[in-house]
Amino acid sequence: MLSNRRRRHALHAIAGAENETHDLGELSERVAAWENEIDVAEVDYAERKRVYTALQQSHLPRLDEVGLVEFDKDRGTVDATPALEDVEIYLDVVRGNEIPWSEYYLGLSGVSAALLLAVWVNAFPFTMVPDLGWFAFVVVAFSVSAAANRYYSRDMKLGGDSSPAELE
């Protein structure tokens, strides 16, 4: 469900206002503005219509099927469901030359395992530092990484008044 950019933008807009029913026309304008990187007031009819049609015929019915939103096609309204709150865990925006946090932690785990294996077999120069020092190093490395992950991921939340994180 999250592989499509337009769907992610729609979910971001829907999650932005809790307990609010969203009009499909206004939702389309907001998503079209994000897609074209312009203000909502600058969205023309063709841009809005293209997004409106795709949301109405494809994206919102699929999101409704999986229970992320409640879409009333007849009224042209969309409501968030409680399940939408659980979607944020799957959003991992990677910009430029960055690596995803999941790959970073996998690499850190591999380096830590190799380091602890070298300490366990008493490989030189690892014997120069006490075993407890190496274990403390690994704990600190994961703690600092987790704090950095938390800091950089704070803007990855769905909703809010700002544009989606992948546009910033």
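The following paragraphs examine the structure supplied in this document.

**Here's the deal with the overall build of the chain**
The number of helices and strands found in the chain is five helices and three strands. From first element to last, N terminus to C terminus, the chain shows the α and β order α-β-α-α-β-β-α-α. In the chain, which comprises 168 residues, the share counted as buried stands at 34%. Sequence separation of at least 24 residues holds for 59% of the intrachain contacts in the chain that already meet a minimum separation of 6.

**A word on unusual backbone geometry**
Between Phe 124 and the following residue, Pro 125, the backbone shows a cis peptide bond with an omega angle of 10°. By the element assignment, Pro 125 lies in the loop between helix H4 (101-120) and helix H5 (131-152). Its identity is not glycine, yet Glu 37 carries a phi of approximately 50°, on the positive side. Even without being a glycine, Asn 122 presents a positive backbone phi close to 55°. Within the secondary structure layout, Asn 122 lies in the loop between H4 and H5.

**A look at helix H2 (residues 24-36)**
Its 13 residues place the ends of H2 18 Å apart at the C-alpha level, agreeing with the 18 Å of an ideal helix rising 1.5 Å per residue. Among the residues of H2, those classed as buried are Leu 24, Gly 25, Leu 27, Ser 28, Val 31, Ala 32, Ala 33 and Trp 34. On its buried face, H2 is in contact with helix H1 (5-15), strand E1 (22-23), helix H3 (45-65), strand E2 (69-72) and strand E3 (77-80). If you check the start of H2, you find a side-chain oxygen 3.1 Å away from the backbone N of Gly 25, and it comes from Asp 23. With its phi angle positive at about 50°, Glu 37 sits one or two positions after the end of H2.

Basis of the calculations
- Residues numbered from 1 in each chain as written.
- Predicted model: local features only at pLDDT ≥ 70, side-chain atom pairs only at ≥ 80, totals over all residues.
- Heavy atoms only, no water.
- Helix = DSSP H or I, 4+ residues; strand = E, 2+ residues; numbered from the N terminus.
- Buried < 20%, exposed > 50% of the residue type's maximum accessible area, 1.4 Å probe, protein only.
- Contact = heavy atoms within 4.5 Å.
- Expected span 1.5 Å × (residues − 1).
- Polar contact = N/O pair within 3.5 Å; in protein donor to acceptor, adjacent residues only side chain to side chain.

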